Each structure stands twice: as C-alpha cells, then as structure tokens.
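Observations on the model geometry
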Amino acid sequence: MYFVLTALRAGPLHGHAISKSIKELSRGRVQPSVGTLYGILERLNERGVIAVDREETVNGRNRRYFRITDEGQALVEAEARRMQEAAALVLRPSGA
Amino acid sequence: MTAPGDPLERRYRRLLLAYPRPYRRAHGDELLDVLLEDAAPGRRMPVLREAWGLLTGGLRSRVTHQATGSAWEDGLHLGVTAVAVANLAALLPYARELPLWTLLSASALLAILRGRLRTAFALTLLTAVKAVALASGRQWFDVTVLPVHPGGLSGRALFQDSDPFLVAAGYAIVLIGLVVLASLRRPARARSWWWWAAVVPVAWAGPAWMAEGTEHPISLSRMAVEAVALGLAVTGGYLARDHRWAMASGIYLLVVLGELAFHVQQLGRQHLAYAGILVLLTTAAAFVPLRQRRHCLD
C-alpha cells in the first residue's frame, strides 16, 4: 500500500508501470503479484485514496491510469513521518 | 504481446475465472495485459506466484462482491438456504418412496436459491405439512407406508430418531425467514448453484465414525460439509468485516443444537466434539469482523 501510493506521487500510472515502480522503489524487495496489486488498487480506489485518472485502449485491451488523491497524499506523508519517528528511536546517536 | 490462443494467455484466462464475472468483464483484460507484459518471452506456464495471487485475489474479490446490501437480510436468506438444504437432505434418501415430496422440497430449495420467496414459502409449507405428518405417523395428502425405508445414502428409516416437533421446527425456521424476507418487498439475491453440491453429502450416512447403534448418528460427510461451510463463513467475515455469514451460521447452528438437545440423554463425546466444532466456527464468524484495523486498507 505504501509503495503503491509512493509510486503514484510521481504522476498517474497504469498497473504494469506501478508494478515496475514498486520494484525499483523497494530495490527489488517488494514485488506484488498482479492479483495482489489489483486487490490493493481496487481497495485504495474504493476508499478514495487513489482515483482513476483516465482509461486508454492498448492492444485492444482497456488500461486504467490511477492517480493519488489529496487524501492519499496526506495519508502516505503521515505514514512516512510515522516511520521516520520510529526509525529515529533506533538510529539517533546514543546519549542524544 | 502474445498471439490469440497463446497457451500462457489461455492459462491465465482460466485462472482469472477465480474472479466474479462482473469484475472479470470490466477488468479481466486489463489484468491479463499486465500479466503478459511481465511474462518472459516463450513462457507457456503461469508463474506460480502469479497463479496464487490470482486465486487469492479472486477469492477476496468474490467475498467483497457478496458483502453488499443489507447484511442481516442477506444473512437471513443465507441461513434459510442452509436449513432448506438440510430439510431436502433429510428426505433425499427416501426419494424412491416419496418422489413427489422430495421433488417439492427440491423445488422449494430452487425457489429460495433464485430469490422467489412467495413460491418458496408455498412449496416449503406443503412439504412441511407432509413431513410433520410422516414424523407423527399421520396420513395427510396421500397414503404412505410407514416406516419409510431408504433407497440409498442412509440405513435408517425416515425420521427414525427424530420427533414431529423437531421436524416442524426445521421447517418453521425456513417459513418464518421467508415471511420476514417477503415482507420487506425487496428482491432477494439469487444464490450460488454450489448449494446443490451440499445436499448429497449432508444426506449421506457415511463414512460412519460413530459406533454402530449410536442414537442420532452424525455422518462424517455431513460434518465435513458443515465444517467447510462454516469455515467459509469465517473467511468471508474476516475478509469483508461483515456479519452476514455469522448470522447465517447462527441460524443453521440453532437447528443443529435443537436436534442435539432433543437427544441430550444419548449424546456421546463425538456428538459434543461435533457440536463444539460448529459452535467454535460460528463464534469465530461472529467475532472476526470486529478485528482491529492495522492500517487504513486492512
């Protein structure tokens, strides 16, 4: 979920581009299957965290481009801050 | 890009059948497009991780598609359906002796599955009157030689260890449920044809796991079907955070516990284990929708 929203901060993307972006952002650690990725996309879409930006037909098949909403932007930033604070508990210099 | 009829495309299309039809129609090609773009050239078999992702994604999608509309109305309809399956299963081994009444009971189940509530009520009422008459040794509607011996599936006579009150209670739950649903004047959802697959295993008296001569024996096949159905109810409640499956499980459990309570003097450890499994699964179905959210998408 975090990597999907992070990938979409760069602009609207379709499923395959989101998948590639997640792999790059996570340095290959996170590679959701297509079934898992679309499950996440549908739930994010239902909850208004992302939205369908436009639809295109490529090779005779429909392709949806998703974009992050303001709510999604706020959510992923809050999550990043939370993780940063949690990481600081371990990574700050000892005695600080 | 693959050619139409490519083995990999064909196999992925088959896996996409895990998704509900409306979703497949709207987005099946889109998922297929991503799967084929990711595939290595010349690959003929789906990647195992992708196959598993499609099966679990499809199951989750099916569950969430079911969890729409009023939970209690749908839960009541599901519960009524489950009890109607049990009522038909009770008559099925005696279909050769009671062809008309078994057919009527099957027609009642069909009407319930298709959401034809008024027709289902009339058919269930007719079957109920005859079943209670047979359980109490009365000859209503037509003459039946009693006791009614089974043609297969079971070795016991019809309602041998039951009681007219218990038989009436099973039908009454279906009838009351149908009256409540019909009074709402809203169309009931058509249910899956898979319900028919449960009828024979519930009717079948084997494989036997209780000692011969046990009063009110429960067959392993019936217990397996009930455990699988309630297990699915727990899964549905967990994934969709919805109580409809718990409600249906509770209605069915009421009928089972009523039967066991009637035979309380003859119950053994196996009966208690059986009841324990059903109570545990129903309780789990009631509580899993309340689980805490770990993040905004959970």
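Please read all numbers here as calculations on a predicted model, not as lab measurements. Throughout, residues of each chain are indexed from 1 in the direction in which the sequence is written. To read the labels, note that chains go from A and ligands from 1, taken in the order they are written. Whole-chain, interface and lining totals are the exception, using all residues; otherwise, since this is a predicted model, local features are given only for residues with pLDDT of at least 70 and side-chain atom pairs are given and counted only at 80 or more.

Each helix corresponds to a stretch of at least 4 residues labelled H or I by DSSP, and each strand to a stretch of at least 2 residues labelled E; elements are numbered beginning at the N terminus. Of the regular secondary structure elements, chain B holds 11 helices and zero strands. Overall, chain B shows an N-to-C arrangement of helices and strands of α-α-α-α-α-α-α-α-α-α-α. To sort residues by exposure, count the other C-beta atoms lying within 10 Å of each residue's C-beta; 20 or more gives buried, 12 or fewer gives exposed, and values between give partly exposed, all with C-beta atoms placed from the backbone. Residues classed as buried in chain B amount to 38% of the 298 residues present. Taking the intrachain contacts of chain B between residues at least 6 apart in sequence as the baseline, contacts between residues at least 24 apart amount to 73%. By the criterion used throughout, residues are in contact when their C-beta atoms, derived from the backbone, lie within 7 Å.

In this assembly, 21 residues from chain B lie in contact with 20 residues from chain A. With nine residues, helix H3 (residues 48-66) of chain B is the single largest residue contributor to the side of chain B that touches chain A.

Right, let's talk about unusual backbone geometry for a bit. Residue and element names in this part refer to chain B. With a phi close to 55°, Arg 185 is a non-glycine residue in the positive phi region. The phi angle at Arg 241 is positive, at roughly 50°, despite the residue not being glycine. The topology assignment puts Arg 241 in the loop between helix H9 (220-240) and helix H10 (244-262).

With that settled, consider the UniProt feature "transmembrane region" (unreviewed entry) in chain B. Under the UniProt annotation, the feature "transmembrane region" (unreviewed entry) is placed at residues 120-141, 165-184, 193-211, 223-240, 245-265 and 271-290 of chain B. Helix makes up 86% of residues 245-265 of chain B and strand 0%, whereas the separation of the span's terminal C-alpha atoms amounts to 31 Å. UniProt positions are given in the numbering used here, feature names are shortened, and annotations may be inferred rather than shown by experiment.

The subject of this paragraph is the domain arrangement of chain B. Note that domain bounds follow an automatic or database assignment of domains. Per the domain assignment, the segments of chain B are domain 1 (7-65) and domain 2 (70-290). On a C-alpha basis, the centroid separation for the pair domain 1 of chain B and domain 2 of chain B is 36 Å.

With that settled, the discussion passes to the sheet that holds strand E1 (residues 13-14) of chain A. All names here are of chain A. One requirement defines pairing of two strands: DSSP has to find at least two bridges between them. Across the sheet, three strands lie side by side as E1-E3-E2; this open sheet has antiparallel pairing. The sheet terminates laterally at E1 and strand E2 (50-58), the two strands that pair on one side only. The pairing of E2 with strand E3 (residues 61-68) spans eight bridges and is antiparallel. By the bridge assignment for E3, Ile 50 is matched with Ile 68. Against the sheet, helix H3 (residues 34-46) contacts E2 and E3, and its axis sits at roughly 130° relative to E2. Angles here are taken between N-to-C directions and fall from 0 to 180 degrees, while the axes themselves are lines fitted to C-alpha atoms, restricted in helices to the stretch in contact.

With that out of the way, let us pick up the environment of His 216 of chain B. All names here are of chain B. Here His 216 lies in the loop between helix H8 (195-203) and H9. Taking the C-alpha atoms as reference points, His 216 and Arg 156, separated by 60 residues in sequence, lie 10 Å from one another. Ignoring sequence-local partners within four residues, the contact set of His 216 consists of Asp 161, His 263 and Gln 266.

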